Amino acid sequence: MKQSASMPRTILAPILLGVLAVALWQLAVVVLEIKPFVLPSPVSIATEFSSSVSSVWTASLVTGANALIGLLIGAIVGIIAAIIATVLPLTDELSAPLVAAASVIPIVALAPVFYTMFGADKETARQLVAALAVFIPVYLNTLRGLRQARPVHRDLMRAYGASAWQSTRAVTLPGAVPFLFIGLRIASSLAVISALIGEYFGGPIGGLGKSITSAAASSNYSLAYAYVLGAILLGLVFYVVTLGLEKLVSPHRASVSTP
C-alpha cells in the first residue's frame, strides 16, 4: 500500500535531519572552537541534562501545570466566545477590535502587570498570560469553523423539521471540530511558550524560565541549554497530546489506505 510505504519515510526523514543537524552543530563547536557562553556543544548539553534530569523534571512540572491551566482557560473562553459570536453577529462586530488588540499585546509587557495585580508570590499571572495567548487562535479558528456550515445544509435540516439544537449538533459542530483542533494545536505550543516567558519577569521560584535565567546568571550555560531542551520536550508533549486527542475525536479524518 502506498500509504503504509510512505510512513517510514515520513517518520525517518525528520529524525535523520535532526541527527544531521546535531552532528553538524557538534562538529562546528569543536572545529571552530566556539566558547560555551556563545554556544555549548550538544554533548555537554546532553551530559548536563542527564545529570540534572530530576531538576529539569521538577521545573517542567511547574511550567507544564501553568501552561495546562492556561490552555484550558483560554480554550474554554475562546470556544464559548466563538459560539456567542456565531449566534449573535453583532457581538462579533463589537468584539473584533478587542480581539485584534489582544492578539498584538506583547507578553513581556503584560506579565509584570499581572504580577502587580495578583501578587508576585502566585502562579496566577503566568496562567493568565498563557490563557490570553491560547484564546486568540482558539477563538478565531473555532469561529471560522462554526461559519463553514453551508446555508443549503441548514435549509435541509429546517425542511426536515429539525430543531435549532439538532441542526447545530448534526451540521454546525461537526464541521467546526477540525478548525477547533487546528486552533488547539497552535495554542498548545503557545501555552508553553507564554508560561515560560512569564517566568522571566517574576513570580514564585520554579519553572523552566526561572531555571534558565538562574543557570545563565551563574555562567552554567550547558545547564541553561539543558533546561531549554526540557522546554522543547514539554512543548512537544503538549503538541503530541493535542494531536492524539484530535485523532481520537475525529478518526474519520484519518487517511484511507489505497492499494
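Refer to the preceding data block for the structure.
Criteria and thresholds
Residues numbered from 1 in each chain as written. Predicted model: local features only at pLDDT ≥ 70, side-chain atom pairs only at ≥ 80, totals over all residues. Heavy atoms only, no water. 1 Å grid on protein atoms, 1.4 Å probe; cavity = no way out; pocket = protein on both sides within 12 Å on 5 of 7 lines; lining within 4 Å. Points joined across faces, edges and corners; volume = space filled by probe spheres on them. Helix = DSSP H or I, 4+ residues; strand = E, 2+ residues; numbered from the N terminus. Nonpolar A, V, L, I, M, F, W, Y, C, P; charged D, E, K, R; others polar. Axes fitted to C-alpha atoms, helices over the stretch in contact; angles between N-to-C directions. Left-handed = near helix turned anticlockwise from the far one by under 90°. Buried < 20%, exposed > 50% of the residue type's maximum accessible area, 1.4 Å probe, protein only. Arc of directions from axis to C-beta.

Asker: Explain the layout of surface pockets to me, using residue names and the numbers behind them.
Answerer: Of the pockets and cavities examined, the second largest pocket occupies roughly 240 Å³. The wall of the second largest pocket is formed by 13 residues, among which Trp57, Ser60, Gly230, Leu234 and Val237 lie closest to the centre. Sorting the residues of the lining of the second largest pocket by element identifies helix H3 (53–87) and helix H10 (221–249) as the ones contributing at least two each. Here the element with the most residues in the lining of the second largest pocket is H3; it accounts for seven residues. In terms of residue class, the lining of the second largest pocket is built from 10 nonpolar, three polar and no charged.

Asker: So what's going on with the packing of H3 against helix H6 (residues 124–146)? Which residues, and what values?
Answerer: It is at 6 Å that the axes of H3 and H6 come closest, and there the two elements cross at 35°. The way H3 lies across H6 gives a crossing that is right-handed. Per-class residue counts for the contact of H3 with H6 are 19 nonpolar, seven polar and one charged.

Asker: Before we move on, can you summarise helix H2 (residues 42–51) with the specific residues and values?
Answerer: For H2, the full list of buried residues reads Pro42, Ile45 and Phe49. The buried residues of H2 occupy one face: seen down the axis, they fall within an arc of 65°. Among the exposed residues of H2, those oriented more than 90 degrees off its buried face are Ser50 and Ser51.

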